[in-house]
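Below, each chain spelled out in residue letters.
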2 protein chains.
Amino acid sequence: MSFVNIKKQYIAIGMLLFVVLFFFNSKPAFQCQITPEVTTYLPTIYGITPTYARLAQKADLTRLSQTLMLVKNFHWIVIEDSEKKTKLVENFLKESTLKYTHLNVKTNSSKHSTASGVEQRNLALDWLRKHLKQSEDKRGVVYFMDDDNTYSLKVFDEMRKINKVGVWPVGIVGGMRVEMPLVKDGKVSGYNAVWKPFRPFPIDMAGFAINATLFLEHPNAMFSRKVQSGFQESEILKYFTKTEDLEPLAENCTKVLVWHTRTQKPSIISPSKLKHPIPPDSHIEV
Amino acid sequence: MSFVNIKKQYIAIGMLLFVVLFFFNSKPAFQCQITPEVTTYLPTIYGITPTYARLAQKADLTRLSQTLMLVKNFHWIVIEDSEKKTKLVENFLKESTLKYTHLNVKTNSSKHSTASGVEQRNLALDWLRKHLKQSEDKRGVVYFMDDDNTYSLKVFDEMRKINKVGVWPVGIVGGMRVEMPLVKDGKVSGYNAVWKPFRPFPIDMAGFAINATLFLEHPNAMFSRKVQSGFQESEILKYFTKTEDLEPLAENCTKVLVWHTRTQKPSIISPSKLKHPIPPDSHIEV
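Rules used in this analysis
- Residues numbered from 1 in each chain as written.
- Chains lettered and ligands numbered in written order.
- Predicted model: local features only at pLDDT ≥ 70, side-chain atom pairs only at ≥ 80, totals over all residues.
- Heavy atoms only, no water.
- UniProt positions renumbered as here; feature names shortened; annotations may be inferred.
- Phe/Tyr/Trp six-rings, centres within 6.5 Å; stacked < 30°, edge-to-face > 60°.
- Helix = DSSP H or I, 4+ residues; strand = E, 2+ residues; numbered from the N terminus.
- Buried < 20%, exposed > 50% of the residue type's maximum accessible area, 1.4 Å probe, protein only.
- Core = buried A, V, L, I, M, F, W, Y, C linked by side-chain atoms within 4.5 Å.
- Contact = heavy atoms within 4.5 Å.
- Pairing = 2+ DSSP bridges.
- Right-handed = clockwise from strand over helix to strand, strands pointing away.
- Axes fitted to C-alpha atoms, helices over the stretch in contact; angles between N-to-C directions.
- Parallel < 35°, antiparallel > 145°, perpendicular 65-115°, else oblique.
- Left-handed = near helix turned anticlockwise from the far one by under 90°.
- Nonpolar A, V, L, I, M, F, W, Y, C, P; charged D, E, K, R; others polar.
- Expected span 1.5 Å × (residues − 1).
- Arc of directions from axis to C-beta.
- pLDDT = per-residue confidence, 0-100.

Looking at an unreviewed UniProt entry, chain A carries the name Galactosylgalactosylxylosylprotein 3-beta-glucuronosyltransferase, with the source organism given as Galleria mellonella. According to UniProt, the comment filed for chain A under the heading Cofactor (unreviewed entry) is "Mn(2+)". In its Catalytic activity (unreviewed entry) section, the UniProt entry covering chain A states "3-O-(beta-D-galactosyl-(1->3)-beta-D-galactosyl-(1->4)-beta-D-xylosyl)-L-seryl-[protein] + UDP-alpha-D-glucuronate = 3-O-(beta-D-GlcA-(1->3)-beta-D-Gal-(1->3)-beta-D-Gal-(1->4)-beta-D-Xyl)-L-seryl-[protein] + UDP + H(+)".

Novice: Explanation requested: the packing of aromatic side chains in the structure shown.
Specialist: What characterises a pair of aromatic rings is the spacing of the ring centres plus the angle enclosed by the ring planes. All names here are of chain B. Using the criterion set out here, one finds 20 aromatic pairs over all chains in the structure. The interplanar angle of 85° and the centroid separation of 6.0 Å between the aromatic rings of Phe74 and Phe156 together place this pair among those described as edge-to-face. Here the residue Phe74 occupies a position in strand S2 (residues 74-80), and Phe156 occupies one in helix H6 (residues 153-159), the gap between them amounting to 82 residues. Residue Phe74 is classed as buried on the basis of its relative accessible area, which comes to 6%.

Novice: How do you make sense of the nonpolar core when you look at a structure like this?
Specialist: Generally speaking, a soluble globular protein has its nonpolar side chains buried in company with each other. Residues and elements named next belong to chain B. Counting 32 residues, the largest nonpolar core has Phe144, Phe208, Ile210, Phe215 and Ile236 as the members making the most contacts within it. No other element matches the 5 residues that helix H5 (residues 118-134) contributes to this core. Beyond its immediate chain neighbours, meaning those up to four positions away, Phe208 contacts Tyr143, Phe144, Val165, Gly166, Val167, Trp168, Ile203, Glu233, Ile236 and Leu237.

Novice: Sorry if this is basic, but what is going on with the pairing of strand S9 (residues 181-184) of chain B here?
Specialist: Residue and element names in this part refer to chain B. Note that S9 and strand S10 (residues 187-191) share 4 bridges and pair antiparallel. By the bridge assignment, Lys184 is partnered in S10 with Lys187. Taken together, S9 and the strand that follows it, S10, pair antiparallel across an intervening segment of 2 residues, in which Asp185 is found at a positive phi of about 50°.

Novice: So what exactly am I meant to see when it comes to the pairing of strand S1 (residues 45-51) of chain A here?
Specialist: Every regular strand shows the same layout, with side chains that alternate between the two sheet faces. All names here are of chain A. Burial runs high along S1: 7 of the 7 residues are buried. By the alternation rule, side chains of S1 split into Ile45, Gly47, Thr49 and Thr51 and Tyr46, Ile48 and Pro50, which are all buried. In this fold, the crossover linking S1 to strand S2 (residues 74-80) by way of helix H3 (residues 57-68) has right-handed handedness.

Novice: Please explain the packing of helix H3 (residues 57-68) of chain B against helix H4 (residues 87-95) of chain B as it appears in this structure.
Specialist: For any two helices packed against each other, one specifies the inter-axial angle together with the distance between the axes. Residues and elements named next belong to chain B. Between H3 and H4, the least distance of the axes is 11 Å, while the angle of their chain directions is 20°. As the angle between them shows, H3 and H4 are arranged roughly parallel. Relative to H4, H3 is oriented so that their crossing is right-handed. The segment H3 lies against H4, with Gln57, Lys58, Leu61, Thr62 and Ser65 engaging Leu88, Val89 and Phe92. Of the residues that constitute the contact of H3 with H4, the class distribution is 4 nonpolar, 3 polar and 1 charged.

Novice: Looking at this structure, I do not really get the sheet that holds S2(B). What am I missing?
Specialist: Strands pair in a sheet through their backbones, by hydrogen bonds, and they do so in one of two ways: parallel or antiparallel. Residue and element names in this part refer to chain B. With mixed pairing, 7 strands are arranged side by side in an open sheet as S3-S2-S1-S4-S11-S6-S12. Edge strands, defined here as strands with exactly one partner in the open sheet, are strand S3 (99-104) and strand S12 (247-248). Looking at chain direction, strand S1 (residues 45-51) and strand S4 (residues 141-144) are connected through 4 bridges and run parallel. Pairing of Ile48 across the sheet is with Phe144, part of S4. Across the face of the sheet, H5 comes into contact with S1, S2, S3 and S4 while running at roughly 150° to S1.

Novice: I keep staring at H3(A) and nothing clicks. Help me out?
Specialist: Between the first and last C-alpha of H3(A) there are 16 Å, a value that for 12 residues agrees with the 16 Å anticipated at 1.5 Å per step. Residues of H3(A) that are buried: A:Gln57, A:Lys58, A:Ala59, A:Asp60, A:Leu61, A:Thr62, A:Arg63, A:Leu64, A:Ser65, A:Gln66, A:Thr67 and A:Leu68.

Novice: Teacher, can you tell me more about H4(B) here?
Specialist: Count 3.6 residues to each turn of an α-helix, and residues three or four apart come out pointing the same way. Residues and elements named next belong to chain B. When H4 is considered as a whole, its buried residues turn out to be Leu88, Val89, Phe92 and Leu93. Buried residues of H4, seen end-on, are gathered within an arc of 120° and therefore sit on one face of the element. Among the exposed residues of H4, those oriented more than 90 degrees off its buried face are Lys87, Lys94 and Glu95.

Novice: What's the story with the confidence of the model for chain A in this structure? I'm lost.
Specialist: If pLDDT is low for a region, its predicted coordinates should not be looked at in detail. Residue and element names in this part refer to chain A. Across chain A, pLDDT averages 90, with 86% of residues at or above 70. Predicted confidence is poor over residues 26-36, with pLDDT under 50, and the contacts of this stretch with residues over four places away or in other chains come to 5 contacts. Our summary of model confidence lists the complex with pTM equal to 0.86 and ipTM equal to 0.86.

Novice: Before we go on, may I ask you to explain the UniProt feature "glycosylation site" (unreviewed entry) in chain A in this structure?
Specialist: Residue and element names in this part refer to chain A. The feature "glycosylation site" (unreviewed entry), as annotated in UniProt, sits at Asn252 in this numbering. With respect to the secondary-structure elements, Asn252 resides in helix H9 (residues 250-253). The exposure class assigned to Asn252 is partly exposed, which follows from its relative accessible area of 42%. Contacts of Asn252, omitting those with residues within four sequence positions, involve Val183 and Gly186.

If you want it as structure tokens, here you go:
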């Protein structure tokens, strides 16, 4: 009998070992469930980008889109300055992995000022209002983005903190290294602008973003052809805020996270000036 | 005795159950191991980028780095044209999530031609050869990238197909919409270049990439100050290949996936020309 008991003890130890192994082995499974992303709420950023046909257009759209691919919850509203949507932009957006809305409206060049982007940005705002009215989630941030500017990923993190209107410095603009709001005790007290410093908001388009719901609260807020050059930013901001209510972001407006870069206009040799004819290249999209 | 035997059978069944449970439970762990990325081999792309201090430098590096963040197995070799590494580039690279090597060498402007990037690219090649000699994996692709050019993500997929030297069109360069190798029956038969078409390889630096191991096989291959302007590409390519051996990529050189863009030089108002003094901004990095 004692022989049988000893054997049972071994069996019991064996079973215990299995139980231990069982739980030990399940560890990797538990570890796996920790991996999924943290589901903190991120308001949608609506990037509004007017664009027009030119030689460097696809290049500019390409590198901007590759930055936007790294921004979570981003919705790109691209508005062509053209009678019809072009195949280049249409195919480009289709091939991108971005969430986008493609619109088009031709600039009415006969009207007053020559400011660019007025009709395009206004059309985007019309679309946005309709979209927000239909959406369950009416929250979001509106940012006016040029297709040749440079945006650090960090500026998108900053603008998600906005309650009403947030501001930050813009590099290389208005004849300055950096044009920026001046901050005193956490509040915007003025600006360092030297180009038309008498503007109500001497800020570049890249230097602010607006809580999207404000566009529903102010249905008439839009850009205008009737104001002088450089006043578009002031024109839209006047509906929503005053200097003293602006929210200074980017470490109290001390960090440059966006740059008003411009792509140099390419100089192309006219085919008529060539000694030898060149092989046709019009079938190749540049 | 039969009673004891039955008990042992139960115990055996119980143990079997544990064994089954053990393997069943380990399933989630196996499933987890399926989720990670498919482990097809991707050769490392060594991007060699000379850079120099200027107002738009950080902007240009920022948007290029944000493209590179989307490229797998990428190693960025950034070489400053300066006596010392600058804080701007050093901090910029540290903050980036990229795999990088930071080097510096000042251009010797007294020497022969004024070609830019010669010393910087040669230093990078020295580093690369040492690195490959020490590495287990000597495979890879070498691509010479300017910090203000535009690179579609697709060009990196293309260059991983290279056996020796791959080529593709470059948009907006040499006075043309697109400068490109001409392809006949899957082979490069010539070029459409109009600027110095007599160059052995009338291709822009952005228009080719080279199998990294070729740099070990040809230890003397490097750039030179002793050649005339526009001949640097020909200078390096002569070590490795002939026109007829080039591998045409990007759908037989019919797609533009890189553009020789240039950032417009900003015009900054001199502080001496200002009516009112501006608040100090030298503490802000642009």
